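Observations on the model geometry
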Amino acid sequence: MDNAPQALWRAAPNAAHIAPASRGEGDSEVRTRWSLISRGTERLVSEGRVPKSEWARMRAPHQEGDFPFPVKYGYAAVGDAVSGPHEGRSVFALFPHQTHFRLDASQLIPLPAGMDPRRAALAANMETALNALWDAGSGPGDKIAVIGGGLVGCLVAFLAGKLPGADVTLIDVVSRRADVAAQLNVNFALGEISPRDCDASFHTSVSAAGLKTAIECLGSEGILVEMSWYGDGETPVALGGAFHAERLRIVSSQVGKIAASRRPRWDYGRRLAKALELCADPALDCLIDDEVSFAELPDKLPSILAPGAPGIATIVRYD
């Protein structure tokens, strides 16, 4: 490919445009077919709300520019390898929204045979969900609540629901998420109508109300895994009531580091490859409920990332 790659650049708060970007370096050229918008993180990036203290830690693989702006950001791309060791295969890469790029073959993961390339774009978020299950130490038979029915919350519920005998409830304030929960084969609860005496709860709603619900769901000695990232915002934490008497625990989970329980044996490549493998289930197609072409992405992005925007996951199509 001789033409210069085009990428999505965040130029100012809630403003983006398509402009040339670095092709990258490596032995493999990839033509992008799909990329996925990770709404929570990309909303903070688009609003310029990444705290200065986190500018270095929040850099995405192959990011160009610096926070707050201008910046090329994103980390879930699926494309066709047109040169290199994987030539002729569909591959996943942690790469921003861009038409084509070059990487070393070691940074590309070939899709398992028969996997839908569109669904494979969920892999980066699946990796976040997998890491959270490891952080919680959840196991067969556990009673589990997931607060927040966005993409990451749904993926956590999906994985937890695969644990033998687990009783998993997805909790959200949007009633139509009940249909999604049913397709993922987990229970659903609306808002504050939540289960009690849970072994673990996972909070993904980025709200004080959701965090309060996550605490209230727990039984004695239960563990709350906080997955929301608030950027430069703050939220109150309800540590009164039974929090201390019941010896509840709150742990953070973030995909930038492998869960401590797996760190001696797993590296990032192994974890990402497993996350991609876990995207094989067609039931996950219900999570991709919005599609936009790369050309129209700058115009559509503000509405996609608006607080309270409908839908779960938006995928970007490269024509």
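Refer to the preceding data block for the structure.
Residue indices follow the written sequence of each chain, beginning from 1 at its first position. A pLDDT threshold of at least 70 governs which residues receive local features in this predicted model, and a stricter bar of 80 or more applies before side-chain atom pairs are shown or counted, although totals over entire chains, interfaces and linings include all residues. Here the side-chain values reflect all heavy atoms present in the structure, with hydrogen atoms and water set aside.

1. Re the side chain of Glu-42
The condition is simple: For helices the rule is a DSSP run of H or I covering at least 4 residues; for strands it is a run of E covering at least 2, with both sets numbered from the N terminus onward. Burial classes follow relative accessibility: with a 1.4 Å probe on protein chains only, a residue under 20% of its type's maximum area counts as buried, one over 50% as exposed, and anything between as partly exposed. We call two residues in contact when some of their heavy atoms are within 4.5 Å.
With respect to the helices and strands, the residue Glu-42 is situated in helix H1 (residues 39-46). Its relative accessible area of 0% is what places Glu-42 among the buried residues. Once you skip the residues sitting within four places of it in the chain, Glu-42 turns out to touch Arg-10, Leu-36, Ile-37, Tyr-73, Gly-74, His-97 and Leu-305.

2. Focus: the sheet that holds strand S13 (residues 198-203)
Convention followed: Strands were regarded as paired on the criterion that DSSP finds at least two bridges between them. Each axis is a line fitted through C-alpha atoms, taken for helices only over the stretch in contact, and angles between the N-to-C directions span 0 to 180 degrees.
Strand order in the open sheet made by the 6 strands is S12-S11-S10-S13-S14-S15, with parallel pairing throughout. Each edge of the sheet is formed by a strand with only one pairing partner; in this case those strands are strand S12 (187-190) and strand S15 (249-252). Between one strand and the next, the sheet's axes are offset by a mean angle of 20°, whatever the strand orientation. Relative to S13, strand S10 (residues 143-147) is paired through 4 bridges, and the arrangement is parallel. If you follow Val-146 over to S13, its bridge partner there is Phe-202. Strand contacts of helix H3 (residues 123-136): S13, strand S14 (218-226) and S15, with the helix running at about 150° to S14, the strand carrying the most contacts. Seen against the sheet, helix H4 (residues 151-161) touches S10, strand S11 (167-172) and S13 and runs at an angle of roughly 165° to S11.

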